[in-house]
Amino acid sequence: MTTEVKRKLNVEVNGISIECASNARVLEAINEAGFDVPTLCYDERTGAQGTCRMCLVEVEADGNTQQVAACTAFASNGMQVATHPDHIVDYRKTILELLLSETSSPTTCPKCISFKTCELHEAAEEYNAKWDAFPSLVVREKPEDANPFIQRDYDYCISCFRCTNICNDWEQAGAITVHGRGQENSIASFFNNDLLQSSCTFCGQCINTCPTGALTDKKIVGKTRAGDLKRTKTICPYCGVGCGIHLLSENGQLKGTEPDFDAPSRGSLCVKGQFASWEFV
Ligand code: SF4
Ligand code: SF4
Ligand code: FES
């Protein structure tokens, strides 16, 4: 009989000592120690991109101090991590204000109004980042798209590309991609067609990973109030697979569905589970 010896790393995060796996990223060590940093371009299902730089932290290892993106950098034995030094907090605030300058006003954000505070505006509030700190650079638009399920409002897009990654690498639908360059890039289906004319399966994964109000559930956006919504964990009743969902209700009335990311289905749903299951409960 052989016994597998799993190597562990000893890492210190903000003075808290933890053990993590030898292949752990710094972000895992931070979460293991009970701390949090904003991760606007990260979805653990598709892995790290390292593009938004919001997860930047200061690490000291082997006598060197450097700033690294926590989602991409690997932890090492004896590493010391500081998640919120003043200069990193200032840096995150500036990044947020630059992102906010590319988006429409937080007061009209469809995700914040109808569902829950979006990750962008939640981080902006936490870091006291102002929407009008820099001149507005909103150049994206809300495309006309007759599909019945997904509202696309790209004047809230921050080019994190979580949606294209989840569509191509997780759902493997290949329905959306990045169109254009630099400030004028946008998320588009091939030949800029409506989603109904693309290979979109309407799984809703892009809505659920989007950290802003750029993608929302068209069937209920504007018809619910985030503060009144109650979430009830259950199983999708549509077929026998048993995907985890949260039923959304307001004043005792069912309003919609969100995936349960803690269920074995890890947030995946089909079009029926995402957009129709609540209608016949
Ligand atoms: S709903 Fe699913 S298939 Fe359609 S664009 Fe979004 S992630 Fe891709
Ligand atoms: S639509 Fe949402 S998920 Fe897609 S790139 Fe824009 S902000 Fe990110
Ligand atoms: S979450 Fe790490 S760079 Fe975006």
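On a predicted model such as this, the values are computed, not experimentally measured, just so you know.

Cut-offs used in this document
Residues numbered from 1 in each chain as written. Chains lettered and ligands numbered in written order. Predicted model: local features only at pLDDT ≥ 70, side-chain atom pairs only at ≥ 80, totals over all residues. Heavy atoms only, no water. Helix = DSSP H or I, 4+ residues; strand = E, 2+ residues; numbered from the N terminus. Rg over C-alpha atoms; globule rule 2.2 N^0.38 Å. Buried < 20%, exposed > 50% of the residue type's maximum accessible area, 1.4 Å probe, protein only. Contact = heavy atoms within 4.5 Å. Areas by Shrake-Rupley, 256 points an atom, 1.4 Å probe, with all protein chains shown as cover. Lys, Arg positive; Asp, Glu negative; His and termini not counted. Charge placed at Lys NZ, Arg CZ, Asp CG, Glu CD. Pairing = 2+ DSSP bridges. Axes fitted to C-alpha atoms, helices over the stretch in contact; angles between N-to-C directions. Near = heavy atom within 4 Å. Nonpolar A, V, L, I, M, F, W, Y, C, P; charged D, E, K, R; others polar. Domains from an automatic or database assignment.

1. Quick look at the overall build of the chain
Here is step 1: The helix and strand tally for the chain stands at seven helices and twelve strands.
Here is step 2: Against the 2.2 N^0.38 benchmark of 19 Å for 281 residues, the chain shows a C-alpha radius of gyration of 20 Å, consistent with a compact globule.
Here is step 3: A burial count over the chain gives 49% of its 281 residues as buried.
Here is step 4: Sequence-distant contacts in the chain: of pairs separated by 6 or more residues, those separated by 24 or more amount to 62%.
Here is step 5: As displayed, the chain offers around 14,300 Å² of accessible surface, 49% of which is attributable to carbon and sulfur atoms.
Here is step 6: With 26 positive and 36 negative side-chain charges, the chain shows a separation of 5 Å between the mean positions of the two kinds.

2. Comments concerning the sheet that holds strand β4 (residues 64-69)
Here is step 1: The five strands are arranged β2-β1-β5-β3-β4 in an open sheet whose pairing can be described as mixed. The open sheet has two free edges, formed respectively by β2 (16-21) and β4, since each of these has just one partner strand. Looking at each pair of strands side by side, their axes are set apart by 30° on average, direction ignored.
Here is step 2: Pairing geometry for strand β1 (residues 8-13) and strand β5 (residues 80-82), over two bridges, is parallel. By the bridge assignment for β5, E12 is matched with Q80.
Here is step 3: Contacts from helix α2 (residues 86-101) reach β3 (56-61) and β4 within the one sheet, and its direction differs from that of β3 by about 150°.

3. Thoughts on the sheet that holds strand β10 (residues 230-235)
Here is step 1: Strand order in the open sheet made by the three strands is β10-β11-β12, with antiparallel pairing throughout. For this open sheet the edge positions go to β10 and β12 (253-259), each flanked by a neighbour on one side alone. Ignoring strand direction, the axes of neighbouring strands in this sheet form an average angle of 30°.
Here is step 2: Sheet topology note: the strand β11 (residues 244-250)/β12 ladder contains six bridges and is antiparallel. Opposite L247, over in β12, you have T257 as the bridge partner.

4. A look at the site of ligand 2
Here is step 1: In the vicinity of ligand 2 lie 13 residues, with C157, C160, F161, C163 and C210 positioned nearest.
Here is step 2: Of the residues assigned to the shell around ligand 2, the class counts are eleven nonpolar, two polar and no charged.

5. A closer look at the site of ligand 1
Here is step 1: Near ligand 1, the surroundings consist of I150, C167, A173, A175, I176, C200, T201, F202, C203, G204, Q205 and C206.
Here is step 2: For the shell around ligand 1, a count of residues per class yields nine nonpolar, three polar and no charged.

6. Let's talk about the domain arrangement of the chain
Here is step 1: By the assigned domains, the chain splits into domain 1 (8-84) and domain 2 (229-281).
Here is step 2: Taking only C-alpha atoms, the centre of domain 1 and the centre of domain 2 are 33 Å apart.

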